Amino acid sequence: MKKTVLLKVDPQAPDIEKVRVAARFIRSGGLVAFPTETVYGLGADALNATAVLALFEAKKRPLDNPPIVHICDVKDVYRVAQEVPAMAEELMRLFWPGPLTLILKRSRIVPDVAVAGLDTIAVRMPRHSVALALIRESQCPISAPSANLAGKPSPTTAKHVLDDLDGRIDAVLDGGPTVVGVESTVLDVTVDPPQVLRPGGTLFEVLKEVLGGVELNPAVTAERPVPVEKARSPGLKHKHYAPDADVVVVEGELSAIVGKVNELAMFYMRRGSRVGVLCTDETAGFYRADVVKSLGSRSDMGSVAQSLFARLREFDLESVDVIVAEGVPLEGLGLAVMNRLRRAAGYNIVKAS
Ligand code: TXA
Ligand code: MG
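Cut-offs and rules
- Residues numbered from 1 in each chain as written.
- Chains lettered and ligands numbered in written order.
- Predicted model: local features only at pLDDT ≥ 70, side-chain atom pairs only at ≥ 80, totals over all residues.
- Heavy atoms only, no water.
- 1 Å grid on protein atoms, 1.4 Å probe; cavity = no way out; pocket = protein on both sides within 12 Å on 5 of 7 lines; lining within 4 Å.
- Points joined across faces, edges and corners; volume = space filled by probe spheres on them.
- Domains from an automatic or database assignment.
- Near = heavy atom within 4 Å.
- Polar contact = N/O pair within 3.5 Å; in protein donor to acceptor, adjacent residues only side chain to side chain.
- Areas by Shrake-Rupley, 256 points an atom, 1.4 Å probe, with all protein chains shown as cover.
- Sits in = over half its atoms within 2 Å of the grid points.
- Helix = DSSP H or I, 4+ residues; strand = E, 2+ residues; numbered from the N terminus.
- Nonpolar A, V, L, I, M, F, W, Y, C, P; charged D, E, K, R; others polar.
- Buried < 20%, exposed > 50% of the residue type's maximum accessible area, 1.4 Å probe, protein only.
- Pairing = 2+ DSSP bridges.
- Phe/Tyr/Trp six-rings, centres within 6.5 Å; stacked < 30°, edge-to-face > 60°.
- Lys NZ or Arg CZ within 6 Å of the ring centre and 35° of its normal.
- Patch = residues over 30% accessible without salt bridge, like charges linked within 9 Å, V, L, I, M, F, W, Y side chains within 5 Å.
- Salt bridge = Lys/Arg side-chain N within 4 Å of Asp/Glu carboxyl O.
- Contact = heavy atoms within 4.5 Å.
- Buried area = accessible area lost by both parts, 1.4 Å probe.

Peer 1: Sorry if this is basic, but what is going on with empty space enclosed by the protein here?
Peer 2: Take a probe with the size of a water molecule and roll it over the atoms, and the empty space left behind shows itself. This model, assessed by the stated rule, comprises 1 cavity of 30 Å³ or more. Within this model, the largest cavity holds a volume of roughly 60 Å³. Along the walls of the largest cavity sit Thr-185, Val-196, Pro-199, Gly-200, Thr-202, Leu-203, Phe-204, Leu-216, Gly-332, Leu-335 and Ala-336, which together make up its complete lining. Domain assignment of the residues forming the lining of the largest cavity places at least three in each of domain 1 (5-216) and domain 2 (246-351).

Peer 1: What am I meant to see in the site of ligand 1 here?
Peer 2: Surrounding ligand 1, one finds 27 residues, the nearest of these being Thr-38, Asn-65, His-70, Ser-184 and Gly-235. Interatomic distance of 2.6 Å between a side-chain N/O atom of His-70 and an oxygen atom of ligand 1. A distance of 2.5 Å is found between an oxygen atom of ligand 1 and a side-chain nitrogen or oxygen belonging to Ser-184. Protein coverage of the free-state accessible area of ligand 1, which is 680 Å², stands at 97%. Cavity membership is defined here by more than half of the atoms lying within 2 Å of grid points; on that basis ligand 1 lies in the largest pocket. Sorting the residues of the shell around ligand 1 by element identifies β4 (68-70), β7 (120-124) and β11 (195-198) as the ones contributing at least two each. Here the shell around ligand 1 is composed, by residue class, of 13 nonpolar, 9 polar and 5 charged.

Peer 1: Sorry, what's going on with the pairing of strand β9 (residues 171-174) here?
Peer 2: Remark: a regular strand shows side chains that alternate across the two faces of the sheet. The side-chain alternation of β9 yields two buried faces, one formed by Ala-171 and Leu-173 and the other by Val-172 and Asp-174. As judged from the 4 bridges shared by strand β1 (residues 5-8) and β9, these two strands associate in the parallel manner. Paired with Val-5 across the bridge in β9 is Ala-171. Bridging between strand β2 (residues 32-35) and β9 involves 2 bridges; their strand directions are parallel. Residue pairing across strands places Ala-33 opposite Val-172, the latter belonging to β9.

Peer 1: Could you clarify how one ought to interpret the packing of aromatic side chains in this entry?
Peer 2: To describe a pair of aromatic rings, you give the distance between the ring centres and the angle between the ring planes. Taken as a whole and judged by the stated rule, the model has 2 aromatic pairs. Arranged with centres 5.5 Å apart and planes meeting at 20°, the rings of Tyr-241 and Phe-309 form a pair that is stacked. On the criterion of sequence distance, the pair formed by Tyr-241 in the loop between β12 (215-216) and β13 (246-251) and Phe-309 in helix α9 (residues 301-317) is long-range, its members being 68 residues apart. Phe-309 matches Tyr-241 in its accessibility class, with the two residues each being buried. The cationic tip of Lys-293 hangs over the ring face of Phe-315; the distance from NZ or CZ to the ring centre is 5.7 Å.

Peer 1: Can you help me understand the environment of Val-21 in this one?
Peer 2: Tracing the chain through its elements places Val-21 in helix α1 (residues 16-27). For the pair Val-21 and Ile-349, spaced 328 residues apart in sequence, the C-alpha to C-alpha distance is 46 Å.

Peer 1: Please clarify how a nonpolar patch on the surface should be interpreted in this entry.
Peer 2: On the surface, a cluster of nonpolar side chains totalling about 210 Å² of accessible area is made up of Leu-94, Val-206 and Val-210. Note that Val-210 resides in helix α7 (residues 204-211). Taking the relative accessible area as the measure of exposure, Val-210 reaches 37% and is therefore partly exposed.

Peer 1: For this particular structure, what's the right way to read the side chain of Ser-303?
Peer 2: Residue position: Ser-303 is located in helix α9. The class for Ser-303 is buried, based on a relative accessible area of 18%. Dropping the residues within four chain positions of it, Ser-303 is found in contact with Leu-295, Gly-296 and Ser-297.

Peer 1: Sorry, what's going on with the domain arrangement of the protein chain here?
Peer 2: If you check the domain split of the protein chain, you get domain 1 (5-216) and domain 2 (246-351). Across the domain 1 to domain 2 interface the summed buried area is about 1500 Å²; carbon plus sulfur atoms make up 60%. Considering only the side of domain 1, the residues that lose the most area to domain 2 are Pro-153, Val-182 and Pro-199, jointly responsible for 33% of the buried surface there. Summed over the shared surface of domain 1 and domain 2, the result is 2 salt bridges. In this structure, the salt-bridge partner of Glu-183 is Arg-340, at a minimum N-O distance of 2.8 Å.

Here is the structure:
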């Protein structure tokens, strides 16, 4: 067990001395969790193979699933990647700093373990003062997967990080709750047309407008697990986002969803399970279950995305056995929300009609 140091900082104007304490850990091969605009990341020096290996161990993450490399300056892309296409440069100009991760051909300075032996690398520049200050002060690119134990919902507060990783990492920079709430969009620009491997904070609709040709990898909208050999994004092979409770997602027209959710909640309660319903403001009053939680209003998918992982974690704290969750339309941030919900459910999807 390590002693995990908690460093509280102002998310807009972080105390540089505290950031330097965190950066010293990174530079000496340690592990520091930090806020980004999407979720909290668990950082290690991307160029230090031993540190990156420790990162996988702390998270209990399978070694075949590489983390994203975070940088604080566009020119650092050319250190960790090579053959950066003009279209990628345009995307960096438009979307960085921000929740867009680009898959590029890797350079040789990055150790194999940091890219899981692939010839590509995932890179992004986060839009968060604390993250940017940490990278700058550490003077190295930072490998950072989400700061949760592998398989669990991603952390959107420092408390979530400590719930999973207290005693396993050196420090947490606590900059309050994250704003976007779901992870970055992962876009592979080594293929033509470019392909979204994971939907996230940068909307597919916006990428389409900018790029014209861009595809969604079929796994993004899959309604059942993707065969391992077809998983272009290594992360898709593994269990993800799952609370301890079993999850069922109910999809369809909203009016049909309400009836089906109540039917399933009743079914599980009769079986003796403690049942949670995960819903939205518009429908929260219609449900009967042991615990009912709203993600926010359907007219504000930003609030739904922002609270998704926190709500999933709260159900576990309330010892719920089964979560029956409302689906949302696969549009805007709803695409990222549904991708997380379906995977949290292990693709246990019920169609309401
Ligand atoms: O918003 C985010 O992206 C957060 C914050 C901390 O920046 N990070 C994050 O990292 O979500 P992680 O490691 O949990 O997710 C990285 C995703 C995984 O699905 C992984 O499989 C994929 O990116 N990935 C990484 N390298 C890749 C590569 N070379 N090719 C394809 N997919 C890759
Ligand atoms: Mg993750």
